[in-house]
Amino acid sequence: MDAQFWINAWNEGRTNFHQQNYHEKLLQFFPPLRPHKGQSVLVPLCGKSKDMLWLSTLGLKVKGVELHQTAVDAFFSENKLQPEEKSLHGNFKRSKFLDITVDCGDFFKLSETSVFDFVYDRASLVALPLSMRKNYVQIISQALKPGGKCLLIVYDYDQSKMDGPPFSIDEKEIQSLYAHDFSITLLDSQQPDREGIRFSALESFKQSVYLLEKKGPLV
Ligand SMILES: C[S@@+](CC[C@H](N)C(=O)[O-])C[C@H]1O[C@@H](n2cnc3c(N)ncnc32)[C@H](O)[C@@H]1O
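To start, this report covers the structure provided alongside it. (Residues numbered from 1 in each chain as written. Predicted model: local features only at pLDDT ≥ 70, side-chain atom pairs only at ≥ 80, totals over all residues.)

**Topic: the overall build of the protein**
Worth spelling out the cut-off: Helix and strand assignments follow DSSP, with helices taken as H or I runs no shorter than four residues and strands as E runs no shorter than two, numbered in order from the N terminus. Neighbour counting defines burial: a residue surrounded by 20 or more other C-beta atoms within 10 Å of its own C-beta is buried, one with 12 or fewer is exposed, and intermediate counts give partly exposed, using backbone-placed C-beta atoms. Once C-beta atoms have been placed from the backbone, residue pairs whose C-beta atoms lie within 7 Å are recorded as contacts.
Each helix and strand counted, the protein has seven helices and nine strands in total. When its C-alpha atoms are laid out on the principal axes, the protein stretches across 50 × 45 × 30 Å. In the protein, which comprises 219 residues, the proportion classed as buried is 34%. A separation threshold of at least 6 residues defines the contact pool for the protein, and within that pool the share at least 24 residues apart is 67%.

**Details of the nonpolar core**
Inclusion rule: By convention in this section, buried Ala, Val, Leu, Ile, Met, Phe, Trp, Tyr and Cys residues joined through C-beta atoms within 7 Å make up a nonpolar core.
Within the largest apolar cluster, 49 residues are counted, with the highest numbers of intra-cluster contacts made by Val41, Val119, Tyr120 and Leu152. Broken down by element, the residue count for this core peaks at eight residues, all from strand β7 (residues 144-157). Contact partners of Leu152, with chain neighbours within four places excluded, come to Asp121, Leu125, Tyr210 and Leu212.

**Some points on the site of the ligand**
Rules: Whether a residue is near a molecule or strand depends on its C-beta atom, placed from the backbone, lying within 6 Å of it.
Lining the immediate surroundings of the ligand are 21 residues, of which Trp6, Leu45, Gly47, Leu67 and Phe107 lie closest. Elements with a minimum of two residues in the shell around the ligand: α1 (3-11) and β2 (61-66). Ranked by the residues each element gives to the shell around the ligand, the list is headed by α1, at three residues.

**Topic: the sheet that holds β2**
Stated formally: A pair of strands is treated as paired once DSSP finds two or more bridges between them. Fitted lines through C-alpha atoms serve as axes, helices being fitted only where they are in contact, and the angles separating the N-to-C directions of these axes extend from 0 to 180 degrees.
Strand order in the open sheet formed by nine strands is β3-β4-β5-β2-β1-β6-β7-β9-β8, with mixed pairing between adjacent strands. With one partner strand each, in any of the chains shown, β3 (84-87) and β8 (182-190) form the two edges of the open sheet. Across the sheet, the mean angle from the axis of one strand to that of its neighbour is 20°, orientation sign disregarded. In this sheet, strand β4 (residues 93-97) lies alongside β3 in antiparallel orientation, the contact comprising four bridges. Of the residues in β4, the one forming a bridge with Ser87 is Lys93. Relative to β7, helix α5 (residues 130-143) is tilted by about 150°, and along the sheet it contacts β1 (40-44), β6 (116-122), β7 and β9 (205-214).

**A few points about the environment of Gly216**
On the secondary structure map, Gly216 appears in the segment after β9. The exposed category is assigned to Gly216, around which 10 C-beta atoms lie within 10 Å. With 38 residues separating them along the chain, Gly216 and Tyr178 place their C-alpha atoms 14 Å apart. If near-sequence neighbours (up to four positions away) are discounted, Gly216 is found in contact with Pro146 and Gly147.

**Quick look at the pairing of β6**
Quick note on the threshold: If you view a crossover with the strands going away from you and the path from the first strand over the helix to the second runs clockwise, you call it right-handed.
In terms of burial, β6 is a largely internal element, seven of the seven residues being buried. Across two bridges, the pairing between β1 and β6 is parallel. Within the sheet, the bridge partner assigned to Leu42 lies in β6 and is Val119. Where β6 meets β7, six bridges bridge the pair, whose relative direction is parallel. If you follow Tyr120 over to β7, its bridge partner there is Leu151. As a crossover connection, the stretch from β6 through α5 into β7 is right-handed.

As structure tokens, this is what we get:
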């Protein structure tokens, strides 16, 4: 989906992807990654995800990147946080409250290298059409430190039965996108309880959780 699709979605309030509660798979699968206070986590295409709050309660430095200022403003105001704001180069605008930073701008312009210990991707890779995913994964890979870990939550269903987003991404595609730079572990794959009326028409609809571990430099 191009930027305009998401700009329209936020302008028109089509944000059913947003969850009022912390994501249960984040709560289940992130603590075993043994995050330490002071480490950093990137939340690409973050919307106004409350999961950023939960990640910050672990003592992590959280950085979200989101295209639409409405989402950024809503994240801080709905959680009663008053961020400091400043403009950055590359057309990013930064909002920061304590250890939570959200940069408003195009994720595809991110140029950080080996900065983050973790990435948390829920509804982000699956928000993108096939043509954009390879580039997205390159940026994720570049941003993570060697040994860094990505918790990735995707959907897997028959794409001919429903249009994305969210798009269906099966294990084969995960392998083809990530195997070069990451070791890949499928942690969980189940039909989720509550994922909205659109999905209820699908015969088979799975939510899969992957752990991706960035390979170190070759020696
Ligand atoms: C399906 S939503 C998921 C939001 C969030 N991850 C969550 O779990 O609620 C996808 C988000 O990606 C944002 N987005 C889409 N393209 C983007 C881009 N190029 N750069 C930054 N954000 C983008 C959209 O505005 C939207 O908020």
